[in-house]
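Below are the chains, spelled out letter by letter.
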Amino acid sequence: MKKAAAPKDTAKPQGPLIIAISIDSQTLKVYDANGLFAETPISTGMKGHPTPMGVFSVIQKRRFHHSNIYSGAPMPFMQRMTWSGIAMHAGALPGYPASHGCIRMPMAFAARVWNWTKTGARVVVTPGEITPVRFSHPLLAEQKVAPLPTAAYEPNPNAPPAVKGDKAANVGVSPNRAAPASSLELRPTVGHNVGKPPGESSPSRSVRNQARTADASTAITTANASVMSDASSAARSVVSALPEATTTTARSIAPIASAKADDAPEIAVSEGARLDESVTAATEAGQPVPDAQKDQTRLPNVEKAVVVEPEPPKPAGRIAVMVSRKDGKLYVRENFKPLFDTPVTIAPSDRLLGTHVFTVQVDKDDANVLRWSVVSLPVLGRNMQKEDDDERSVRRRKIAGVVPADIKPIPGPNSPAEALDRITIPPDAMARIAEALGTGGSIVVSDHGIDQGGETGEGTDFIVPLR
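Heads up: these notes are all about the structure in this document. In this text the structure is predicted, and so the values were computed from the model without any measurement.

Points about the overall build of the protein
A count of helical and extended segments in the protein gives 8 helices and 19 strands. Residue burial in the protein is summarised as follows: out of 467 residues, 37% are buried. As displayed, the protein has an accessible area near 27,900 Å², and 54% of this comes from carbon and sulfur atoms.

Observations regarding the sheet that holds strand S15 (residues 355-362)
Pairing between the strands of a sheet comes from backbone hydrogen bonds, and it takes one of two forms, parallel or antiparallel. Spatial strand order, S10-S16-S15-S18-S11-S12-S13: 7 strands in an open sheet with mixed pairing. Lying at the two open borders of the sheet, with one neighbouring strand each, are strand S10 (133-135) and strand S13 (337-343). The mean angle between the axes of side-by-side strands here comes to 25°, regardless of whether they run parallel or antiparallel. Bridging between strand S11 (residues 319-324) and strand S18 (residues 442-446) involves 5 bridges; their strand directions are parallel. Bridge pairing in S18 places valine 321 opposite isoleucine 443. The sheet contacts of helix H8 (residues 427-436) involve S11, strand S12 (329-334), S13, strand S16 (370-377) and S18, and relative to S13 the element is tilted by about 150°.

What to know about the sheet that holds strand S19 (residues 464-465)
Judged by pairing direction, the sheet is mixed, and its 6 strands sit side by side in the order S3-S2-S1-S9-S4-S19 without closing on themselves. The sheet is open, and its two edges are formed by strand S3 (35-41) and S19, each paired on a single side. Here 6 bridges tie strand S2 (residues 27-32) to S3, and the two strands are oriented antiparallel to one another. Within S3, the position partnered with threonine 27 by the bridge is proline 41. Of the strands in this sheet, strand S1 (18-22), S2 and S3 are in contact with helix H1 (residues 107-116), which crosses S3 at around 145°.

Focus on unusual backbone geometry
Phi is positive for glutamine 26, which is not a glycine, with a value near 50°. Looking at the element boundaries, glutamine 26 is found in the loop between S1 and S2. Judged by its relative accessible area of 11%, glutamine 26 falls in the buried class. For phenylalanine 77, which is not a glycine, the phi torsion comes out positive at approximately 55°. Its location among the elements puts phenylalanine 77 in the loop between strand S5 (60-62) and strand S6 (78-80).

Focus on the environment of alanine 111
Inspection of the secondary structure assignment puts alanine 111 in helix H1. On the basis of relative accessible area, alanine 111 is assigned to the buried category, the value being 18%. The spatial distance from the C-alpha of alanine 111 to the C-alpha of phenylalanine 77 is 6.0 Å, given a sequence separation of 34 residues.

Structural notes on H8
When H8 is considered as a whole, its buried residues turn out to be Ala429, Met430, Arg432, Ile433 and Ala434. Residues of H8 that are buried in the fold lie against S11, S12, S13, S16 and S18.

A few points about the pairing of S15
Taking burial as the measure, the 8 residues of S15 include 7 buried ones, the bulk of the element. Two elements, S15 and S16, share 8 bridges in a ladder whose sense is antiparallel. When the bridges of S16 are listed, threonine 355 appears paired with leucine 377. Here S15 pairs with S18 via 4 bridges, running antiparallel. Bridge assignment links valine 357 to a residue of S18, and that residue is valine 444.

What to know about the pattern of salt bridges
Inspection of the entire model under this criterion finds 6 salt bridges. Between aspartate 341 and lysine 329 there is a salt bridge, with the nearest N and O atoms lying 3.7 Å from each other. Taken together, the positions of aspartate 341 in strand S13 and lysine 329 in strand S12 put the pair 12 residues apart, joining distant regions of the chain. A relative accessible area of 10% means that aspartate 341 is categorised as buried.

The rules behind the values
Residues numbered from 1 in each chain as written. Predicted model: local features only at pLDDT ≥ 70, side-chain atom pairs only at ≥ 80, totals over all residues. Heavy atoms only, no water. Helix = DSSP H or I, 4+ residues; strand = E, 2+ residues; numbered from the N terminus. Buried < 20%, exposed > 50% of the residue type's maximum accessible area, 1.4 Å probe, protein only. Areas by Shrake-Rupley, 256 points an atom, 1.4 Å probe, with all protein chains shown as cover. Pairing = 2+ DSSP bridges. Axes fitted to C-alpha atoms, helices over the stretch in contact; angles between N-to-C directions. Contact = heavy atoms within 4.5 Å. Salt bridge = Lys/Arg side-chain N within 4 Å of Asp/Glu carboxyl O.

Here you go:
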């Protein structure tokens, strides 16, 4: 039996993970931002209990789990893919498909993968093997926020000298010079601050209460569970500039006139400190503060501004997008919850879009730069059904003695670039998506509708079956 390939040293994978499972070769491969990271032999569903193929994600993780379908069979390091009972977990590997639909892995490898993944990690199950490749397209944003145009300042040497205002003359700056970027009035990003997002049209089914895990592996022995701000200087400088209003204050300031000019700042500060102390003492004693000792620079009937500390930004959720040709819509989910949807335009063609999964990674050196990869799934159901129908029609015609007409070959699905070329997404929707995207976010393009297979619902990402 083929042994699991040891991961690169003890390092953890970098960037978003894509777990690619091949039914034909009975292998599971883990891809990170740098390519293939680790692989292992597996055991998938036996005849009569096939493992479903398509696009999934990890929607639940349990270190120790037992099947609620097959006599509480142990399923260590369980990572759920559907609420109907399909999961990855540790189990027996006889060298051929032997499970009741789940994907079994060696115990040690299952433990590693369980520690590597987070909820939302992408899982793709196909007949053969697929490999993510780097990808770019004009429809896929390469920056989260579009750069603002900079105003160029090019003085005209032949122009007459401009008349400077008093303030501009004092600082030696021309009033016509472009304002710094920090003073520009910025409009909010398109799609935000517009109230409640549009209503969702995607279905929401209470399937989590009926969650099932459907593997009946033999008993397995599991491992043991192992600002304060300082304003005193500013206050003293203000108090030191107070006018003389009392005899006592005049007497205390009289000797200052004969002092050296170099000592004046220190004496003024010390006098201001005594005034500050007298104001504080009078306030604590409940006595009215003389007008001469109040801050004369403060406007009447104006309360001191309250500085409100801004709330820290909430961590961005995992964004998942699905473009459905059948529905003619774009659906957006954040952390398995519907966010919004919008109609899209897809150019007609005699070819299928295919199913393509585009995954984003935020550049580690520039958080504003987005990098993409893509995996394309084979088209099975509809095309294979057409081919079977054509073969049966040919056999029937031969039996009936009818000469069959030439059968046109069924065109293959679009490539990832061709599929995106056919799609037109409203700019405001795309801008909103680009701003919210983070590492691990994805866009799935498919001919299927959101209801296809009946697995996409409450507490799931977009689940797109192949058949």
